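This is what each chain is made of:
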Amino acid sequence: SLVGSEMCIRDRSTAMNITFFIVLGLAFLSFIIPAAVYGIVSRRAMFNRGGLGSSAFLPAAMVLLPLMLGVRFFLYDGDDFVGSYNFWQIVVPFAGAFAIAASGHFASPRRWFLPLLTLAVVVAVVVMPENAVNVIPSLPPLANRLILAAAWLFFAGLYPYVNSGDGVLAVQSLNISLGIGILGAVNALPLMLGVFGWMFAAAFLALTVFSWHPSRIKVSSRDAAAFGFLLFSLIAPAAGEGAASCCVIFALFFLIDFLWALALKLTFLPRYEDLSANTGFRQATADGMDPAQAASFTVRIQMLMLFFGCFQAYSPTPWSLLLVSTMITLWLDYRFRNIPTPPQTLRDINAQVLEELQDRVNEFKSYIKKDNDF
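1. Observations regarding the state of the cysteines
Across all of its chains, the model carries 0 disulfides by this definition. Cys247 provides the cysteine sulfur closest to Cys246, a residue in no disulfide bond, and the two sulfurs are 6.6 Å apart. In this structure Cys310 is not part of a disulfide, and its nearest cysteine sulfur, from Cys246, lies 7.4 Å away. For Cys310, a relative accessible area of 15% gives the class buried.

Below, the structure written as structure tokens:
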């Protein structure tokens, strides 16, 4: 019996080691191939010529598609899922994302973008198995499909606004992908979804390297929408597996920053007429902040949301950390938009933000202590 248990432990350890090296290899391919293509294309200045050769989306997508199909074939374990995951959940989102990206490189009227995106979302949601759309367990499957479709359309339609500066879209996408990868690694999500998360994270890391200020590649609005559409194809099954609140926290900075920009536009003041110029990155750089500093500030916000999103997976209630995360993100977005310009350095800005964050935490603790005293 003791010998049998030792052999079982040894076999499990061997399987874990093999899985680790498989994931490492897949992540390496997901990073190195797009990075090599981005390097070649940027040296030839093809991103300034237009056409499909200038797409920042295609290098990442063309690598992820065959790798994800291979992972689904070899690593899928139905017992690891609350619901299920089929091949159509890979093929259809990629087809829709390719169509969205291609629409920006041909002479297609802008009015066709929303119908194309809506059609892609509807088909992508329809091909999902009924047991995979259980986002809100208390609702019937049709209601869950409608909620998922609306969220998918909202997310992909607004994702071009994430592309507000060098590296911002890549960092936000990297944060969501990395969060799903971590949740898979700690068994909060199925292993296969976690592997997909690490692959997406590696591809977006390559995009981050080449889109960081000063950017060597360009991400068009259609490419941004395609990235958002494809990224949500990773979020959708994760939400169906019970990680909806975690994914919302991972994407919280983008969502709050957009709503802030929209609120400024709705003031109808002339200086806020351009919605894209109302984002935190654009306002910070317009006030004199260096673009690299602004991008670094967004990285720190994203890291904090990654921390809260991962801890949310172990919370006893599904949405317990969302309020705290929202309040902190609102405050950080406010600081982002109102940080004094030079002579402050990036170290000074970080020290100031951390000091004020500690003050807010201390105030929160004092309120809790007062309540306990009463």
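2. Focus on the nonpolar core
Of all hydrophobic cores here, the largest spans 102 residues; its most connected members are Phe196, Leu207, Phe227 and Phe229. Counting residues per element, this core draws most heavily on helix α8 (residues 221-250), which supplies 17 residues. Ignoring any residue separated from it by four or fewer positions in sequence, one finds Phe229 in contact with Pro93, Gly96, Ala97, Ile100, Leu117, Ala120, Val121, Ala124, Trp152 and Ala156.

3. Notes on the side chain of Ser173
As for its placement among the helices and strands, Ser173 is situated in helix α6 (residues 168-185). Look at Ser173 and you get buried, because its relative accessible area is 0%. Looking at Ser173, its side chain comes within polar contact range of the main-chain oxygen of Leu169, at 2.8 Å.

4. Looking at the packing of aromatic side chains
In the structure shown here, the tally under the stated rule is 22 aromatic pairs. Taking 6.4 Å as the distance between ring centres and 45° as the angle between the ring planes, the aromatic pair formed by Phe200 and Phe204 counts as tilted. Placement of the pair is Phe200 and Phe204 together in helix α7 (residues 191-211), with a separation of 4 residues, close to one helical turn. Of the two residues, Phe200 and Phe204, neither departs from the other in class, the shared state being buried. Taken together, Phe57, Phe94, Phe98, Phe200, Phe204 and Phe227 form an aromatic cluster joined through their ring pairs. The ring of Tyr76 has Arg72 sitting right over it, with the charged end atom 3.9 Å from the ring centre. One cation-aromatic arrangement involves Arg72 over Phe87; the distance from NZ or CZ to the ring centre is 4.6 Å.

5. Considering helix α3 (residues 88-103)
Counted at 1.5 Å a residue, the expected span for α3 with its 16 residues is 22 Å, and the 22 Å between its end C-alpha atoms agrees. Among the residues of α3, Gln89, Ile90, Val92, Pro93, Phe94, Gly96, Ala97, Phe98, Ile100, Ala101 and Ser103 are the ones counted as buried. Residues of α3 that are buried make contact with α2 (57-75), α4 (113-126), α5 (141-158), α7 and α8.

6. Observations regarding a nonpolar patch on the surface
Taken together, the side chains of Phe28, Leu29, Ile32, Ile33 and Val37 define a hydrophobic patch exposed on the protein surface, amounting to about 380 Å² of accessible area. The topology assignment puts Ile32 in helix α1 (residues 2-43).

7. A short note on the pattern of salt bridges
Taken as a whole, this structure holds 2 salt bridges when the rule is applied. Two residues, Asp257 and Arg337, come together in a salt bridge whose shortest N-O distance is 2.8 Å. Of this pair, Asp257 sits in helix α9 (residues 252-265) while Arg337 sits in helix α12 (residues 322-338), and the two are 80 residues apart along the sequence. Like Asp257, the residue Arg337 is buried in the burial classification. Across the pair Arg337 and Asp333 runs a salt bridge, and its minimum N-O distance is 3.4 Å. One end of the pair is Arg337 and the other is Asp333, both in helix α12 and 4 residues apart, which spans about a single turn. As far as burial versus exposure is concerned, Arg337 and Asp333 are alike and both buried. Because the salt bridges share partners, they merge into one network encompassing Asp257, Asp333 and Arg337.

8. Quick look at the packing of α6 against α7
Viewed as axis vectors pointing N to C, α6 and α7 meet at an angle of 155°, and their least axial separation amounts to 7 Å. The angle between α6 and α7 falls in the class roughly antiparallel. The handedness of the crossing between α6 and α7 is left-handed. Here Leu169, Ala170, Val171, Ser173, Leu174, Ser177, Leu178, Ile180, Gly181, Ile182, Gly184 and Ala185 of α6 lie close against α7, whose contacting residues are Leu191, Leu193, Gly194, Gly197, Trp198, Phe200, Ala201, Phe204, Leu205, Leu207, Thr208 and Ser211. Among the residues forming the contact of α6 with α7, the class breakdown is 16 nonpolar, 8 polar and no charged.

Thresholds, definitions, all that
Residues numbered from 1 in each chain as written. Predicted model: local features only at pLDDT ≥ 70, side-chain atom pairs only at ≥ 80, totals over all residues. Heavy atoms only, no water. Disulfide = S-S within 2.5 Å. Buried < 20%, exposed > 50% of the residue type's maximum accessible area, 1.4 Å probe, protein only. Core = buried A, V, L, I, M, F, W, Y, C linked by side-chain atoms within 4.5 Å. Helix = DSSP H or I, 4+ residues; strand = E, 2+ residues; numbered from the N terminus. Contact = heavy atoms within 4.5 Å. Polar contact = N/O pair within 3.5 Å; in protein donor to acceptor, adjacent residues only side chain to side chain. Phe/Tyr/Trp six-rings, centres within 6.5 Å; stacked < 30°, edge-to-face > 60°. Lys NZ or Arg CZ within 6 Å of the ring centre and 35° of its normal. Expected span 1.5 Å × (residues − 1). Patch = residues over 30% accessible without salt bridge, like charges linked within 9 Å, V, L, I, M, F, W, Y side chains within 5 Å. Areas by Shrake-Rupley, 256 points an atom, 1.4 Å probe, with all protein chains shown as cover. Salt bridge = Lys/Arg side-chain N within 4 Å of Asp/Glu carboxyl O. Axes fitted to C-alpha atoms, helices over the stretch in contact; angles between N-to-C directions. Parallel < 35°, antiparallel > 145°, perpendicular 65-115°, else oblique. Left-handed = near helix turned anticlockwise from the far one by under 90°. Nonpolar A, V, L, I, M, F, W, Y, C, P; charged D, E, K, R; others polar.

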